[in-house]
Amino acid sequence: MTVHLTLSQARRAALLAQGLAKTRPTAPPTARAVGRILDKLQLLQIDSVNVLVRSHYLPVFSRLGAYDPAVLDRFAARHPRRLTEYWAHEASFIDPALFPHLRPWQRRTWSGASGMDPVLRSSLEERILTLLASSRALTAGQVQERLGHSEQRSTDHWGWNWSAVKRVLEDLFARGEISSAGRTSSFERRYAPSARVLPTSDLAAQEADPREAILVLTERAAAALGIGTVRSFADYFRTPVRDTAEAVRILEGRGVLTSAQVGSWNRPAYLHRDATIPRRAAGRALLSPFDSLVFDRPRLEELFGFHYRLEIYTPAAARRYGYYVLPFLLGETMAARVDLKADRTTGRLLVRGSYAEPGAPAGTADELAAELGTMAGWLGLQQVVVEPVGDLAAPLSAALGRR
């Protein structure tokens, strides 16, 4: 059986699955509310850029408003952890229960320590594991210092010019033998044995059978997305497309997924059995460039007709919209995009550029002004300043003046 959906229906199903279809609750967000969002999303992608706020804090704000980020910190840093860091869709905070299911794919794909002298690699592995077993969590620099390891580092080496110690640490991390017990203020991982980081030592020792793991990850991805293609399900946890396609076939046979034809899409789509299609989408949100609704750029364009690229690594003169640009969701429309910066020294949220999308709903400037005000308050900033860049700058500035 194949269900036929309009593009609007597919958008609304996707937004509801991602927790973005409804207006936010008026009550202050609780830890339980944060937990429910994490259950929906399954992961929070991590990124080091801090021009606005660390990216993993933003998806919860987008869905709940001004919550306390310390809740996430507790979930990720206090035992028993509700979040743990691992490779999923890039580096991410995940439900620890997913750790055994992600582990087989990391063992297959990670090659951070390949090419090293095998004797040096084996020696460093043994010494690092022995050190971490008897110490507090340590950064790569602290591990290297404790081991007394020194080397002449190449400037043209793969791996961001990582030292041998850092490469071995990352290899052990990808294999699941060590984990991140948290990050420093400069965003360095603090490594510790996985048995001390994960909620139980049994969980740290587990590695799921790859055939079972791909079914779990594909089903979780489909539930988080609501509707998607094989490629979009594979992208969520970065699982191999061929294995994901086989998992989709099995899950469809079990009634977990239903084949769907969406508008004029030329690829088969699949609707998760728990997905529902609300009559309307009424959410409003500024979205992190690494939000799970946004990080799959082809799917974003298929669903919303919104072409989006992060221009951090584009030379400044060649950028079209700016350095750290957030899409603005209004209802079921990507209505605008804004280049934001938190100027913490002066207490200002700077809108470096603001651009309306073609066909943006009436009232976009007023809705965006309200959302920027909420964000500024959440970040502890006293003022929103709109710079005169972009076609939405004048109406947005006027809207802020009326608030």
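Keep in mind it's a predicted model, so treat the numbers as computed, not measured. (Residues numbered from 1 in each chain as written. Predicted model: local features only at pLDDT ≥ 70, side-chain atom pairs only at ≥ 80, totals over all residues. Heavy atoms only, no water.)

Section: the nonpolar core
Thinking step 1. One finds Leu-52, Leu-72 and Ile-128 to be the most contacted residues of the largest nonpolar core, which totals 105 residues.
Thinking step 2. No other element matches helix H11 (residues 210–225), which puts 9 residues into this core.
Thinking step 3. What Leu-72 contacts, discounting residues up to four positions off in sequence, is Val-34, Leu-38, Leu-44, His-56, Tyr-57, Val-60, Tyr-67 and Leu-83.
Thinking step 4. Formed by 30 residues, the second largest nonpolar core is a distinct cluster that contains Ala-10, Leu-20, Ala-285 and Tyr-355. (Core = buried A, V, L, I, M, F, W, Y, C linked by side-chain atoms within 4.5 Å. Buried < 20%, exposed > 50% of the residue type's maximum accessible area, 1.4 Å probe, protein only. Helix = DSSP H or I, 4+ residues; strand = E, 2+ residues; numbered from the N terminus. Contact = heavy atoms within 4.5 Å.)

Quick word on the domain arrangement of the protein chain
Thinking step 1. Along its sequence, the protein chain is carved into domain 1 (3–102 + 208–272), domain 2 (105–149 + 162–205) and domain 3 (309–402).
Thinking step 2. Averaged C-alpha coordinates put domain 1 and domain 2 at centres separated by 27 Å.
Thinking step 3. Contacts between the two partners involve 26 residues from domain 1, matched on the other side by 23 residues from domain 2.
Thinking step 4. Across the interface of domain 1 and domain 2, roughly 2,000 Å² is buried in total on both sides, 60% from carbon and sulfur atoms.
Thinking step 5. The largest contributions to the domain 1 side of the interface with domain 2 come from Arg-81, Glu-85 and Trp-87, which together make up 32% of the buried area.
Thinking step 6. Summed over the shared surface of domain 1 and domain 2, the number is 2 salt bridges.
Thinking step 7. Here Arg-189 ties to Glu-85 by a salt bridge, and the two come within 2.7 Å at their closest N and O atoms.
Thinking step 8. Counting across the interface, domain 1 meets domain 2 through 9 residue pairs in polar contact (both at pLDDT 80 or more).
Thinking step 9. Broken down by secondary-structure element, the contributors of at least two residues to the side of domain 1 that touches domain 2 are strand S3 (84–88), helix H5 (99–109) and H11.
Thinking step 10. Residue classes in the side of domain 1 that touches domain 2 are distributed as 15 nonpolar, 6 polar and 5 charged. (Domains from an automatic or database assignment. Buried area = accessible area lost by both parts, 1.4 Å probe. Salt bridge = Lys/Arg side-chain N within 4 Å of Asp/Glu carboxyl O. Polar contact = N/O pair within 3.5 Å; in protein donor to acceptor, adjacent residues only side chain to side chain. Nonpolar A, V, L, I, M, F, W, Y, C, P; charged D, E, K, R; others polar.)

With respect to the layout of surface pockets
Thinking step 1. The calculated volume of the second largest pocket comes to roughly 290 Å³.
Thinking step 2. His-56, Tyr-57, Asp-73, Phe-93 and Arg-183 are the residues nearest the centre of the second largest pocket, which is lined by 18 residues in total.
Thinking step 3. Examining the composition of the lining of the second largest pocket, we find that 4 residues originate from one element, helix H4 (residues 70–77), more than from any other.
Thinking step 4. Summarising the domain contributions, the lining of the second largest pocket has at least three residues from each of domain 1 (3–102 + 208–272) and domain 2 (105–149 + 162–205). (1 Å grid on protein atoms, 1.4 Å probe; cavity = no way out; pocket = protein on both sides within 12 Å on 5 of 7 lines; lining within 4 Å. Points joined across faces, edges and corners; volume = space filled by probe spheres on them.)

Here we look at the side chain of Arg-54
Thinking step 1. As for its placement among the helices and strands, Arg-54 is situated in the loop between strand S2 (43–45) and helix H3 (58–64).
Thinking step 2. Buried within the structure, Arg-54 lacks any salt-bridge partner; Asp-47 is the closest side chain of opposite charge, at an N-O distance of 7.0 Å.
Thinking step 3. Non-local contacts of Arg-54, meaning those with residues more than four positions away in its chain, are made with Asp-47, Ser-48, Val-49, Ser-185, Ser-186 and Phe-187. (Lys, Arg positive; Asp, Glu negative; His and termini not counted.)

Examining the packing of helix H1 (residues 7–17) against helix H14 (residues 297–304)
Thinking step 1. Running from N to C, H1 and H14 cross one another at 130°; their axes reach a closest spacing of 9 Å. As summarised for this structure, H1 and H14 are arranged oblique, according to the angle between their axes. Contact residues: Leu-7, Ala-10, Arg-11, Ala-14 and Leu-15 in H1; Arg-299, Glu-302, Leu-303 and Phe-304 in H14.
Thinking step 2. Of the residues contributing to the contact of H1 with H14, the split by class is 6 nonpolar, no polar and 3 charged. (Axes fitted to C-alpha atoms, helices over the stretch in contact; angles between N-to-C directions. Parallel < 35°, antiparallel > 145°, perpendicular 65-115°, else oblique.)

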